[in-house]
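An overview of the molecular structure
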Amino acid sequence: MKIVVIQGPNLNMLGVRETNIYGPMKLEQIHAQMKDFAAQNGIEVEFRQSNLEGELVDAIQECYGEAHGIIINPAAYTHTSIAIRDAISAVGLPTIEVHISNVARREEFRQKSMIAPVCTSSIIGFGPFGYHMAMIGMLQVFNEMKAQQEMQKQAQAAAVK
Ligand code: DQA
């Protein structure tokens, strides 16, 4: 199973950027922890970051037929991008939205997520730990998918008899 982690604009500045809101951890450190967790759980993980909306759309599209799940923090594009929302819908993969800060407690323009309605789940306000929670959540989604496939197989086998 493969997860692609997609990071939006300014997240490459974590560790420098507004550390009172986002904390001191750098993006590379967050990704190193996710990579360790993935290895421990037999999951492949790939990381993408871009400051450009179109490149984020490309990264999502490239998951089609290649990945089994997406963990995404579209950063500021969360609140504006219909294109990113449409790309998530188009590929139809389990997708978990992560926000480091608790956007619900911040400015009004951060209250709306364009992507939340097309995501499996959203994890908000746990700091960088939210990415770890998203990995655990995705494993659960994969397990449920496997269990459902198994049930379907058994139902088909029973119907043939
Ligand atoms: C963010 C929240 C967004 O509102 C903001 O534009 C970001 C980061 C977060 O992770 O808390 O860049 O997505």
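Residues numbered from 1 in each chain as written. Predicted model: local features only at pLDDT ≥ 70, side-chain atom pairs only at ≥ 80, totals over all residues. Heavy atoms only, no water.

1. What to know about the site of the ligand
Inclusion rule: Proximity criterion: a residue is near a molecule or strand once any of its heavy atoms comes within 4 Å of it. Whenever a nitrogen or oxygen atom comes within 3.5 Å of another N or O atom, the pair is scored as a polar contact, on the condition that within protein one atom can donate a hydrogen and the other can accept it, and that pairs from neighbouring residues in sequence are kept only if both atoms are in side chains. Only the protein chains shown count as cover for residues, and the accessible areas themselves come from Shrake-Rupley with a 1.4 Å probe. When residues are sorted by character, Ala, Val, Leu, Ile, Met, Phe, Trp, Tyr, Cys and Pro go into the nonpolar class, Asp, Glu, Lys and Arg into the charged class, and all the rest, Gly among them, into the polar class.
All residues adjacent to the ligand are R17, Y22, N73, A75, A76, H79, H99, I100, S101, V103 and R110. A76 places a main-chain nitrogen or oxygen 3.2 Å from an oxygen atom of the ligand. Between the ligand and the protein, one listed contact pairs an oxygen atom with a side-chain N or O atom of H99 at 2.8 Å. Computed on the free molecule, the ligand has an accessible area of 330 Å², of which 98% lies beneath the protein chains in the complex. For the shell around the ligand, the per-class residue count stands at five nonpolar, four polar and two charged.

2. Some words on the packing of helix α2 (residues 27–40) against helix α5 (residues 129–160)
Applicable threshold: The angle between two axes is taken between their N-to-C directions and runs from 0 to 180 degrees, where each axis is a line fitted to C-alpha atoms and a helix contributes only its stretch in contact. Helix and strand definitions here come from DSSP, where helices need a minimum of 4 consecutive H or I residues and strands a minimum of 2 consecutive E residues; each element is numbered from the N-terminal end. Oblique is the label for any angle not under 35 degrees, not over 145, and not in the 65 to 115 range, which are roughly parallel, roughly antiparallel and roughly perpendicular in turn. Crossing handedness: left-handed means the near helix sits turned counterclockwise from the far one by under a right angle, and right-handed means the same turn made clockwise. Residue contacts are counted whenever heavy atoms from the two residues lie within 4.5 Å of one another.
The N-to-C vectors of α2 and α5 enclose an angle of 25 degrees; their axes lie 10 Å apart at closest approach. The angle between α2 and α5 falls in the class roughly parallel. When the axes of α2 and α5 are compared, the crossing they make is right-handed. Counting all contacts with α2, which are made through I30, M34, F37 and A38, the residues of α5 involved are Y131, H132, M135, I136 and L139. The residue makeup of the contact of α2 with α5, split by class, is eight nonpolar, one polar and no charged.

3. Focus: the nonpolar core
This is how the line gets drawn: We call a set of buried residues a nonpolar core when its members are Ala, Val, Leu, Ile, Met, Phe, Trp, Tyr or Cys and they connect through side-chain atoms within 4.5 Å of each other. Each residue's exposure class comes from its accessible area (1.4 Å probe, protein chains only) as a fraction of the maximum for that residue type: buried when under 20%, exposed when over 50%, partly exposed otherwise.
In this structure, I3, L14, M34, I71, Y131, M135 and M138 are the most contacted members of the largest nonpolar core, which totals 25 residues. Those elements giving two or more residues to this core turn out to be β1 (2–7), α2, β4 (95–99) and α5. At seven residues, the largest contribution of residues to this core is made by α5. In this view, I71 contacts I3, V4, V5, I6, M34, I96, V98, Y131, A134, M135 and M138; residues no more than four positions away in its chain are not counted. One finds V57, A67, I115 and C119 within the second-largest nonpolar core, a separate group that totals 17 residues.

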